[in-house]
Amino acid sequence: MKITELLDRATEPLISYEIIPPKRGSSAAHLMAVVEELMVFDPPFIDVTSHSAEAQYEEMPDGTWIRRVKRKRPGTIGICAAIKGRYGIETVPHLLCHGFTRNETEDALIELSYLGINNLMALHGDDTGFQKTVPPGTMVNSSAVELVRQIAAMNEGTYLGELIQADPSDFCVGVAGYPEKHYKSPNLTRDIQALKVKLDAGAHYVTTQMFFDNRHYFSFVERCRDAGITVPIIPGVKILTNKRQLELIPSRFHVEIPEDLAAEIEAAKPDSVADVGVEWALKQCDELMSANVPCLHFYIMQRTAVVRRVAGPLRNRA
């Protein structure tokens, strides 16, 4: 079932989750155990992130440096197929522009279609320090808009090669939204205009970057509606669990941590930080659910302990 259909049929805000593939060489057993723990909450869908190749430099005994390029976390499509096959719930693989050619993207889309996975997130992807060498005659999607257009073309039966009577795909496409604006955008107005272009190109819903002040989300949604954006806008939620996140999250994700939340975390004992994060997230989610958001999307990576402390009470209150 498509994500938009799940949202349309829901009588109360849904609760979904986002996980990250294991590192190369690691078993998927731990990740599947994470999914198993989430099943008690009947998740309508689970997102699985994707990661392009990274450039890494290794110093050799003679003092020279070797550049190695590899994907640290492959397996997004396989994990999505395993989760859907084992548990019968929808999965949403993340598809990236950065690090992949349009031909590789088309191959991935064909695989997903064969597997019956018809939901995905179209993203540009982070700069990993590796710029893919593109063979002559091969193209890349330079932006999420171009990626959405490629997927939309396949939904119309148009592939990269000249195929006769090609079957159209049937993907439901999500894209990212930034309540505090994308860090590369000069201002929020321009950023919302860019979001509308992605939706006009064929995307169907929006999932936002994490935020810790609901005013950012409510203002963002209002401005999106004023700009003519009518699709569902799902808020992204992150639960803080340690003091290092006060520096890591703003620097990596370019979001603000409110002063009172930061002060509470700084004052807390290390083993009590998660308690502060859980209480803050519960208040955030209560307010969001009272505003009838379509869904709460938790960024959990591979940890379920704290999200269970939030999702459990929320389900009981719904």
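Further up the page is the structure itself.
Everything numeric here is computed off the predicted structure, so don't read it as measured data.

Calculation criteria
- Residues numbered from 1 in each chain as written.
- Predicted model: local features only at pLDDT ≥ 70, side-chain atom pairs only at ≥ 80, totals over all residues.
- Heavy atoms only, no water.
- Helix = DSSP H or I, 4+ residues; strand = E, 2+ residues; numbered from the N terminus.
- Buried < 20%, exposed > 50% of the residue type's maximum accessible area, 1.4 Å probe, protein only.
- Contact = heavy atoms within 4.5 Å.
- Pairing = 2+ DSSP bridges.
- Axes fitted to C-alpha atoms, helices over the stretch in contact; angles between N-to-C directions.
- Salt bridge = Lys/Arg side-chain N within 4 Å of Asp/Glu carboxyl O.
- Parallel < 35°, antiparallel > 145°, perpendicular 65-115°, else oblique.
- Left-handed = near helix turned anticlockwise from the far one by under 90°.
- Nonpolar A, V, L, I, M, F, W, Y, C, P; charged D, E, K, R; others polar.

> Talk me through the environment of Val206; I want residue IDs and the actual numbers.
Turning to its location among the elements, Val206 is positioned in strand S8 (residues 205–210). A residue is classified by how much of its surface remains accessible, and Val206, at 0% relative accessible area, is buried. Along the sequence, Val206 and Val173 sit 33 residues apart, while their C-alpha atoms lie 8.8 Å from each other. Residues contacting Val206, with those up to four places away along its chain left out, are Val175, Ala176, Gly177, Leu195, Leu199, Val231, Pro232, Ile233 and Ile234.

> So what's going on with the sheet that holds S8? Residues and values would help.
Taking strand neighbours around the barrel as the criterion, the eight strands line up as S1-S2-S5-S6-S7-S8-S9-S10 in a closed arrangement whose pairing is parallel. Strand-to-strand twist of the sheet, defined as the mean angle between neighbouring strand axes without regard to direction, takes the value 30°. Alignment of strand S1 (residues 14–19) against strand S2 (residues 45–48), held across three bridges, turns out to be parallel. By the bridge assignment, Ile19 is partnered in S2 with Val48. Contacts from helix H2 (residues 29–38) reach S1, S2 and strand S10 (295–301) within the one sheet, and its direction differs from that of S1 by about 170°.

> Tell me about the pattern of salt bridges, and name the residues and values.
Scanning all chains against the criterion turns up six salt bridges. Of the charged contacts in the structure, one is a salt bridge between Glu90 and Lys84, with a shortest N-O distance of 3.3 Å. You can call Glu90 buried: its relative accessible area is 11%. With relative accessibility at 21%, the residue Lys84 sits in the partly exposed group. A salt bridge links Arg215 to Asp213, with the nearest nitrogen and oxygen atoms 2.8 Å apart. Under the relative-accessibility criterion, Asp213 is labelled buried at 15%.

> An account of the packing of helix H7 (residues 214–226) against helix H10 (residues 273–290) is needed here, citing residue identities and associated values.
The geometry of H7 relative to H10 is characterised by a closest axis approach of 10 Å and an angle of 25° between their N-to-C directions. Taken together, the axes of H7 and H10 are roughly parallel relative to one another. Remark: the crossing between H7 and H10 carries right-handed chirality. Note on element contacts: H10 touches H7 through Gln284, Glu287 and Leu288, opposite Asn214, Tyr217 and Phe218. Class assignment of the residues belonging to the contact of H7 with H10 gives a composition of three nonpolar, two polar and one charged.

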